[in-house]
Amino acid sequence: MKNNTKKVAFVIFIMFAITIGHLVIYAVFDSTRTVANPFNPRMQVDDDTIRRGSILDRSGVVIAESYRTGDIYSRRYPFGRAFAHPIGYMAMGRAGLESIFNFEMQTLNFEISQRVNAILNNGELIGNSVVTTIDSRLQSLIHERMQGRRGAVVVMEPTTGRILAMVSTPNFDPNSVAADWSALIVDNENSPLLNRATQGLYPPGSVFKIVSALAILENVENSMDVTYVCIGTGEFAGDTISCMNNTAHGEVNLKRAFALSCNCYFAMMIEKIGIEKLNEVSERIGFNSAFGFELDFRNSSFQTEAVPGENLLAQTSIGQGRTLVTPLFMAMITSAVANDGVMMQPFIVDHVLTGHGGIRRQAAPTSLGQIFSAEHAAYLNEIMNEVVTRGTGRNTAVPGLEISGKTGTAENATGLSHGWFVAFADSDNPQIAVSIIIEQAGGTREALEISREIFAHHLANRS
């Protein structure tokens, strides 16, 4: 009997410990997401006696605020559509930062003193504000240039992970979401509620050659000196690969093939390396993995054999096949090249500002690891600079600024090809990285034009 009692007591103790552990995990790690979940009924209930905190850009410019008419508080978005996806909305549910930081913006700092002041002096009860990392001038510039296009732009600080701008179009006006809701939810052609920057999955096209070039550098001895004579087309890994417009690039090495975006060279080299090595490099840099971000995002995926017997190695080497990426993830890879091979976790909220000027939840740059060596990062920087100075990215050049980048044209089964461009500047002191995709652009011209304006803005305003 004593042994049985001990066994029962031990089982009860284990169950109790598991329950306590689960509660601790929920309270410490999961509670914020649960509170912010749009399906949480609590999200639909506001304390209408509290003036909800504002959302600010990195310099304190208001991009979302509450105002009172009589006894009623309403939400206002001074920039309209420009910040639609990162900021979100507060009607018909919530999205974006309005959802994720809902609890903070309804939280009263020094609540007792605020309530006493409200009773004695008819003062307002003011919630905490959220200070983002976004530059409102840059955000507005990009939004203006993206009008009439479908696509996304992400601008990131390579050494910290701060998001300086995030634009997705088509979008919506957060000031009129309730009135426009019926039209927004049935617009499947434009998907205006979708944040393409974090949730849009696209074939990367030739911007994936950054990954392929890294695999070549890591796995081919004297890789910079290996040459290939491109005649514009060829058979590789059982598949026919052609360069753009069947252009014959002649004898090319890694630097020249990268600058000219020679598909045949990369298909040949990756065929030599093999699928296992390309898989290892891709997964190490973050494909098929979650990296953490305040806003909802989708994982970029890398797959070379979706159907038994199907060989996608050659297509994958040039960014086609079944590889899918988000613009945010391409900004992270590009930033890692600029940052000596260290990938930084992206973040879009710098801190929470209390009504009394105090700072809470101060963000700090977080490294996701040294995903490739500084030596290989330096060489990738060099060949990406060649793209802008002598290759397919010449139209993005800005006098006085060293830019390293990569163009990409991704085939699209439903229409014209998508146009990509990823880049960073200055090459020797990187402060800004850009990832752009224009859907069904038929080429990279529009992406290059927009990137040039972003870099020109950066040059004019950098400290």
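Up top is the structure these notes are about.
Here's a quick rundown of the structure. (Residues numbered from 1 in each chain as written. Predicted model: local features only at pLDDT ≥ 70, side-chain atom pairs only at ≥ 80, totals over all residues. Heavy atoms only, no water.)

1. Considering the overall build of the protein chain
Moving on, step 1. The helix and strand inventory of the protein chain stands at 16 helices and 21 strands.
Moving on, step 2. Long-range contacts, defined as pairs at least 24 residues apart, comprise 65% of the intrachain contacts of the protein chain with a sequence gap of at least 6.
Moving on, step 3. For the protein chain, the accessible area works out to roughly 20,800 Å², and carbon and sulfur atoms hold 53% of it. (Helix = DSSP H or I, 4+ residues; strand = E, 2+ residues; numbered from the N terminus. Contact = heavy atoms within 4.5 Å. Areas by Shrake-Rupley, 256 points an atom, 1.4 Å probe, with all protein chains shown as cover.)

2. Considerations on the side chain of Glu-65
Moving on, step 1. Its location among the elements puts Glu-65 in strand β3 (residues 62-69).
Moving on, step 2. Look at Glu-65 and you get buried, because its relative accessible area is 17%.
Moving on, step 3. Contact partners of Glu-65, with chain neighbours within four places excluded, come to Ser-54, Ser-74, Arg-75, Arg-76 and Pro-78. (Buried < 20%, exposed > 50% of the residue type's maximum accessible area, 1.4 Å probe, protein only.)

3. With respect to helix α9 (residues 209-219)
Owing to its 3.6 residues per turn, the α-helix brings residues three or four apart onto one side.
Moving on, step 1. Of all the eleven residues making up α9, nine are buried; the element is thus mostly covered by neighbouring parts of the structure.
Moving on, step 2. Looking at α9, one finds that the buried residues are Lys-209, Ile-210, Val-211, Ser-212, Ala-213, Leu-214, Ala-215, Ile-216 and Leu-217.

4. Here we look at the nonpolar core
Moving on, step 1. Core analysis: the biggest nonpolar cluster contains 88 residues, and Ile-216, Tyr-265, Phe-266, Phe-287, Ile-333, Phe-372 and Trp-420 have the highest contact counts within it.
Moving on, step 2. No other element matches the nine residues that helix α14 (residues 327-338) contributes to this core.
Moving on, step 3. Not counting the four nearest positions on each side in its chain, Tyr-265 is found in contact with Ile-216, Ser-223, Val-226, Tyr-228, Val-252, Asn-253, Leu-254 and Ala-257.
Moving on, step 4. Within the second largest apolar cluster, 25 residues are counted, among which are Leu-164, Val-398, Ala-425 and Ile-438. (Core = buried A, V, L, I, M, F, W, Y, C linked by side-chain atoms within 4.5 Å.)

5. Re the sheet that holds strand β17 (residues 359-360)
Moving on, step 1. The six strands lie next to each other as β4-β3-β2-β8-β16-β17, forming an open sheet whose pairing is mixed. Of all the strands in the sheet, the pair left with one neighbour each is β4 (72-76) and β17.
Moving on, step 2. The sheet contact formed by β3 and β4 spans five bridges and is antiparallel. Residue pairing for β4: Glu-65 is matched across the bridge by Arg-76. (Pairing = 2+ DSSP bridges.)

6. Quick look at the sheet that holds strand β20 (residues 418-425)
Moving on, step 1. Reading across from one edge, β10-β9-β21-β20-β19 is the order of the five strands in this open sheet, with antiparallel pairing throughout. The open sheet is flanked by β10 (163-169) and β19 (403-410), the only strands paired with a single partner. For this sheet the average axis-to-axis angle between neighbouring strands, irrespective of direction, equals 5 degrees.
Moving on, step 2. Here β20 runs beside strand β21 (residues 432-438); their pairing, made up of seven bridges, is antiparallel. Directly across from Trp-420, in β21, lies its bridge partner Ile-437.
Moving on, step 3. Sheet strands in contact with α14 are β9 (151-156), β10, β20 and β21, and its direction is about 35 degrees off that of β20.
Moving on, step 4. Against the sheet, helix α16 (residues 445-461) makes contact with β9, β19, β20 and β21, and its axis sits at roughly 155 degrees relative to β21, the strand it touches most. (Axes fitted to C-alpha atoms, helices over the stretch in contact; angles between N-to-C directions.)

7. Here we look at the pattern of salt bridges
Moving on, step 1. The full count for this structure, using the stated rule, is 18 salt bridges.
Moving on, step 2. Here Arg-76 makes a salt bridge to Glu-65, at a shortest N to O gap of 3.1 Å. Taken together, the residues span a long stretch of sequence, with Arg-76 in strand β4 and Glu-65 in strand β3 at a distance of eleven residues.
Moving on, step 3. Between Arg-360 and Glu-104 there is a salt bridge; the shortest N-O distance is 3.7 Å. Here the residue Arg-360 occupies a position in strand β17, and Glu-104 occupies one in helix α4 (residues 102-105), the gap between them amounting to 256 residues. (Salt bridge = Lys/Arg side-chain N within 4 Å of Asp/Glu carboxyl O.)

8. Some details on a nonpolar patch on the surface
Moving on, step 1. Together, Phe-10, Val-11, Phe-13, Ile-14, Met-15 and Ile-18 make up an exposed nonpolar region whose accessible area comes to about 630 Å².
Moving on, step 2. Relative to the assigned elements, Ile-14 resides in helix α1 (residues 2-36). (Patch = residues over 30% accessible without salt bridge, like charges linked within 9 Å, V, L, I, M, F, W, Y side chains within 5 Å.)

9. Notes on the packing of α9 against helix α15 (residues 374-390)
Moving on, step 1. Where α9 meets α15, the axes come as close as 11 Å, and the angle between the chain directions of the two elements is 130 degrees. Looking at the two axes, α9 sits oblique to α15. Classified by chirality, the crossing of α15 by α9 is right-handed. Seen from α9, the contacting residues are Ile-210, Ala-213, Leu-214, Leu-217 and Glu-218; seen from α15, they are His-376, Tyr-379, Leu-380, Ile-383 and Met-384. (Parallel < 35°, antiparallel > 145°, perpendicular 65-115°, else oblique. Left-handed = near helix turned anticlockwise from the far one by under 90°.)

10. Notes on the packing of aromatic side chains
Moving on, step 1. Scanning the entire structure with this criterion turns up 13 aromatic pairs.
Moving on, step 2. Centroid distance Phe-287 to Phe-329: 5.0 Å. Interplanar angle 80 degrees. Geometry classified as edge-to-face. With Phe-287 in the loop between α12 (275-284) and α13 (313-317) and Phe-329 in helix α14, this residue pair connects regions lying 42 residues apart in the sequence.
Moving on, step 3. When its relative accessible area of 1% is taken as the criterion, Phe-287 is described as buried.
Moving on, step 4. One aromatic cluster in this structure is built from Phe-208, Phe-287, Phe-291, Phe-297, Phe-302 and Phe-329.
Moving on, step 5. Here Arg-76 stacks its cationic end above the ring of Tyr-67, 4.3 Å away from the centre of that ring. (Phe/Tyr/Trp six-rings, centres within 6.5 Å; stacked < 30°, edge-to-face > 60°. Lys NZ or Arg CZ within 6 Å of the ring centre and 35° of its normal.)

11. Topic: the state of the cysteines
What makes a disulfide is a covalent bond joining the sulfur atoms belonging to two cysteines.
Moving on, step 1. In the structure shown here, the tally under the stated rule is zero disulfides.
Moving on, step 2. Considering cysteine sulfurs only, Cys-262 is the nearest to Cys-230, which forms no disulfide, with 3.6 Å between them.
Moving on, step 3. With relative accessibility at 2%, the residue Cys-230 sits in the buried group.
Moving on, step 4. Left unpaired, Cys-264 is separated from the closest cysteine sulfur, that of Cys-243, by 3.8 Å.
Moving on, step 5. Residue classification places Cys-264 among the buried residues on the basis of a relative accessible area of 0%. (Disulfide = S-S within 2.5 Å.)

12. Considering helix α11 (residues 263-273)
Moving on, step 1. Counting buried positions along α11 gives nine out of eleven residues, so the element sits mostly inside the fold.
Moving on, step 2. Among all positions of α11, only Asn-263, Cys-264, Tyr-265, Phe-266, Ala-267, Met-268, Met-269, Ile-270 and Ile-273 are buried.
Moving on, step 3. Taken from the residues just after α11, Gly-274 is the one with a positive phi, measuring 100 degrees.

13. Some remarks on the packing of α9 against α11
Moving on, step 1. Remark: α9 packs on α11, axes separated minimally by 10 Å, with the N-to-C direction vectors making an angle of 45 degrees. By the angle class used here, α9 and α11 are oblique. Where α9 crosses over α11, the two elements pack in a sense that is left-handed. Residues Lys-209, Ser-212, Ala-213, Ala-215, Ile-216 and Asn-219 of α9 form the contact with α11, whose participating residues are Asn-263, Tyr-265, Phe-266, Met-269, Ile-270 and Ile-273.

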